Each structure stands twice: as C-alpha cells, then as structure tokens.
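# Summary of structural features
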Amino acid sequence: MSQTTEKRSSLSRVGRWVAELVLVFVGVYAAFWLNNYQQQQQDAQRHDRILAWIEQTLREGIESGKISRAKQERAAAEFRRALDGGEMPPLRPFVFTTDYSPGDFATWLQSGGAQLLDLETLTALRNDESIIRWGLSRLARHQKLSDELIVPNLDQDISFFTIPPPKSCETGSRYIPKLWTKP
C-alpha cells in the first residue's frame, strides 16, 4: 500500500504542479488581455479627443475666416462704391497676420497622432495643410506687394496711384490697373 500511496502522492504533486502552471498561464494571459483591452480603450479615447480638437480648430478657423472675409468685403464694397462715384478713396497698406503654425499639426502627429488616425483623415489633413500654406503664401505675396508699392508712396498725392484711362474709355474717370489677378 505504501507504493500506491507513494504513486498517488507523486501523481498528486504533479497534478497540483500542472494545475498551478495552467492557473499561472491563464492569469498571465488574462492580464495581457486586460492590458490590451485598456490600451485599445485609451487609444480610442485619444483618437476621439484628437478628432474633436481638429474639428474645433478648423471650426474656429473657418468662423474667423468668415468674419474677416465679411470685413474685407465691406471695405472692398466701400472702395468700389467710391470709385464708381468718381472719387479716389485713400489707399491703405495690406497687413496680414496669423498665428498659424504648421508645426502644431506636425508635433501631435509625431507624438502618436498619426498612429491613431486612419488614412482618409491623414490625407484630408494633408490636403487642408496644402491649401492653408498656398493661401498664406498668396497673402504674404499681397502684403509684399503692398509693402513695396503702397507703403513707400502713401505720402504722395493720390494721383500717384492712378493712371489716365485708356483712350477706349468714354468716361473721364480714373483708371486703376490691376496689380495681380485671381487664379
């Protein structure tokens, strides 16, 4: 009987050891699964926060652009009204300032934002960045033209900025040439 009890005892020890080993593996697997689940939840929350930040930033930019556009359209309409009335309104320099920095988007993309966004969102952001940079370069060009053509001559008589109308014009009003054209 001692042999059978000894066999049972060694078999019992091996069984316990296997059970403990299985329990450890199940516990480690559950810990990894839980960690992975929590990481996915954090990534989803981060993804949502990034998209909300992008949306808020773009909404604020669009709203600011609408307000600025309305002001510029009013000023341009007043300028055109004065010209149509035969007056030569005073010219003002074109000044443009912005707090836009392409580094803002680049920073959060490099810090993990690119891994959380899908390809369509990244492509849309890239296209938007391209449009913004193009628009800013045009505005910088307009400001440079203003700085070179208008600002140095503001103390001149207003007739400095006009030329006589072409002979094909029937009215005696002043003719203002276009310095640049729209694309």
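Residues numbered from 1 in each chain as written. Predicted model: local features only at pLDDT ≥ 70, side-chain atom pairs only at ≥ 80, totals over all residues. Heavy atoms only, no water.

Moving on, we get to the overall build of the chain. In terms of regular secondary structure, the chain is built from three helices and zero strands. Helices and strands in the chain line up, N terminus first, as α-α-α. Sorting the 183 residues of the chain into buried and exposed places 10% on the buried side. A sequence separation of at least 24 residues applies to 63% of the contacts in the chain between residues at least 6 apart. For the chain, the computed accessible surface area is about 15000 Å², with 58% contributed by carbon and sulfur atoms. (Helix = DSSP H or I, 4+ residues; strand = E, 2+ residues; numbered from the N terminus. Buried < 20%, exposed > 50% of the residue type's maximum accessible area, 1.4 Å probe, protein only. Contact = heavy atoms within 4.5 Å. Areas by Shrake-Rupley, 256 points an atom, 1.4 Å probe, with all protein chains shown as cover.)

The subject of this paragraph is the nonpolar core. Judged by nonpolar contacts, Ile-50, Ile-54, Phe-105, Trp-108, Leu-116, Leu-117 and Leu-125 together constitute the single largest core of seven residues. Mapped by element, the contributors of at least two residues to this core are helix H1 (2–84) and helix H2 (102–116). The element best represented in this core is H2, accounting for three residues. Leu-117 has contacts with His-47, Ile-50, Leu-51, Ile-54, Trp-108, Leu-109, Leu-122 and Leu-125, leaving out every residue within four places of it along the chain. (Core = buried A, V, L, I, M, F, W, Y, C linked by side-chain atoms within 4.5 Å.)

The next point concerns H2. For H2, with 15 residues, the first-to-last C-alpha span of 19 Å sits near the 21 Å given by 1.5 Å per residue. Most pronounced at Gln-110, the bend in H2 amounts to some 75 degrees. Those residues of H2 not exposed but buried are Phe-105, Trp-108, Gly-112, Gly-113 and Leu-116. (Expected span 1.5 Å × (residues − 1). Bend = angle between axes of the 7 residues up to and from the residue.)

This paragraph deals with the packing of H2 against helix H3 (residues 119–150). Contact geometry for H2 and H3: axes closest at 12 Å, N-to-C directions at 165 degrees. The orientation of H2 with respect to H3, classified from their angle, is roughly antiparallel. Crossing of H2 against H3: the hand is left-handed. Of the residues in H3, those in contact with Pro-102, Phe-105, Trp-108, Leu-109 and Ala-114 of H2 are Leu-122, Leu-125 and Glu-129. The residue makeup of the contact of H2 with H3, split by class, is seven nonpolar, no polar and one charged. (Axes fitted to C-alpha atoms, helices over the stretch in contact; angles between N-to-C directions. Parallel < 35°, antiparallel > 145°, perpendicular 65-115°, else oblique. Left-handed = near helix turned anticlockwise from the far one by under 90°. Nonpolar A, V, L, I, M, F, W, Y, C, P; charged D, E, K, R; others polar.)

Once that is clear, we can look at the side chain of Ser-146. Secondary-structure assignment places Ser-146 in helix H3. Non-local contacts of Ser-146, meaning those with residues more than four positions away in its chain, are made with Pro-93, Phe-94, Val-151 and Pro-152.

A separate point is the packing of aromatic side chains. Overall, the coordinates contain one aromatic pair when judged by the stated rule. Where Trp-33 meets Tyr-37, the ring centres are 5.7 Å apart and the plane angle is 10 degrees; that geometry is what we call stacked. With Trp-33 and Tyr-37 both in helix H1 and four residues apart, this pair spans about one turn of that helix. (Phe/Tyr/Trp six-rings, centres within 6.5 Å; stacked < 30°, edge-to-face > 60°.)

For the rest of this paragraph, the subject is H3. Under the 1.5 Å per step criterion, the end-to-end length of H3 is 45 Å for 32 residues, consistent within 8% with the ideal 46 Å. When H3 is considered as a whole, its buried residues turn out to be Leu-125, Glu-129, His-142, Leu-145, Ser-146 and Ile-150.

This part covers a nonpolar patch on the surface. Together, Val-14, Trp-17, Val-18, Leu-21, Val-22, Phe-25 and Val-26 make up an exposed nonpolar region whose accessible area comes to about 670 Å². Structurally, Val-22 is set in helix H1. (Patch = residues over 30% accessible without salt bridge, like charges linked within 9 Å, V, L, I, M, F, W, Y side chains within 5 Å. Salt bridge = Lys/Arg side-chain N within 4 Å of Asp/Glu carboxyl O.)

Our focus in this paragraph is the confidence of the model for the chain. For the chain, the average pLDDT comes to 80, and 84% of its residues sit at 70 or higher. Per-element confidence in the chain is highest for H1, whose mean pLDDT is 86, and lowest for H2, whose mean pLDDT is 75. (pLDDT = per-residue confidence, 0-100.)

This paragraph deals with the pattern of salt bridges. Tallied over the entire structure, the rule returns five salt bridges. One salt bridge in this structure joins Arg-59 and Glu-55, with 2.5 Å as the shortest N-O distance. Taken together, the residues Arg-59 and Glu-55, both in helix H1 and four residues apart, mark about one turn of the helix. Overall, Arg-59 belongs to the exposed group, its relative accessible area being 55%. In this structure Glu-55 comes out as partly exposed when scored by relative accessible area, which is 40%. Measuring nitrogen to oxygen at the nearest pair gives 3.7 Å for the salt bridge that ties Arg-133 to Glu-129. One end of the pair is Arg-133 and the other is Glu-129, both in helix H3 and four residues apart, which spans about a single turn.

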